Amino acid sequence: MDRESSHFARSVAANRRYAIGLSWAGMALLAGLVGTDPAHAHDERAVALLHQYRCYVCHANNEPKAGPAYADVATYYKGKAGAQSRVAAVIRSGAHGAGPWHMPPHPEVSKADARTMARYILSLRR
Ligand code: HEC
């Protein structure tokens, strides 16, 4: 009887530790979802813009579609001076390189929005 009750007490203590561990995990998860990190909020805005302007019709982050994968754009511009401004300018004015397709101009995109998207695209380097 004595042995059983002490065993019971031990498992209650173990359960309580487990519950405390879980609630910490829950809080970390919530902090992630709410997006307290400002860089993260910036990314969400950029992704919303990329959807709004239908960029993902021709582009994906990690694989080429009609247009190059954004991760490959980021690799190409790695270490180049003024990369963010140059990519922002291409977004608004379009581009026609060696490929069969061209990048249509987007004059309706504000300079600020173009820079937000450019910054995000350049962060995707793999
Ligand atoms: C109709 C399809 C299409 C749409 C819509 C489109 N793109 Fe493109 N994009 C392309 C193609 C094709 C290229 C490659 C152009 C080339 O050959 O240089 C390209 C190239 C790019 C590049 C690389 C430019 C460089 O300097 O190499 C970036 C950045 C880019 N697009 C961003 C965007 C963004 C942001 C949007 C939305 C505002 C967008 N694209 C919408 C087809 C598209």
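Residues numbered from 1 in each chain as written. Predicted model: local features only at pLDDT ≥ 70, side-chain atom pairs only at ≥ 80, totals over all residues.

Caption draft 1: Examining the environment of Gln84 more closely. Mapped onto the elements, Gln84 comes out in helix H4 (residues 83–93). Each C-alpha atom of the pair Gln84 and Leu122 lies 7.3 Å from the other, and the pair is 38 residues apart in sequence. The contacts of Gln84, once residues within four sequence positions are left out, are Arg115, Ala118, Arg119 and Leu122. (Helix = DSSP H or I, 4+ residues; strand = E, 2+ residues; numbered from the N terminus. Contact = placed C-beta atoms within 7 Å.)

Caption draft 2: Region of interest: the environment of Val109. Position of Val109 among the secondary structure elements: in the loop between H4 and helix H5 (111–122). Assessed through the 19 C-beta atoms surrounding it within 10 Å, Val109 is described here as partly exposed. Between the C-alpha atoms of Val109 and Tyr53, which are 56 residues apart in sequence, the distance is 8.0 Å. (Buried ≥ 20, exposed ≤ 12 C-beta atoms within 10 Å, placed from the backbone.)

Caption draft 3: Structural detail: H5. Helix length check: H5 (12 residues) gives 16 Å between terminal C-alpha atoms against 16 Å at 1.5 Å per residue, within 8%. Looking only at H5, the buried set comprises Asp113, Ala114, Thr116, Met117, Ala118, Tyr120, Ile121 and Leu122. On its buried face, H5 is in contact with helix H2 (38–52), helix H3 (70–77) and H4. (Expected span 1.5 Å × (residues − 1).)

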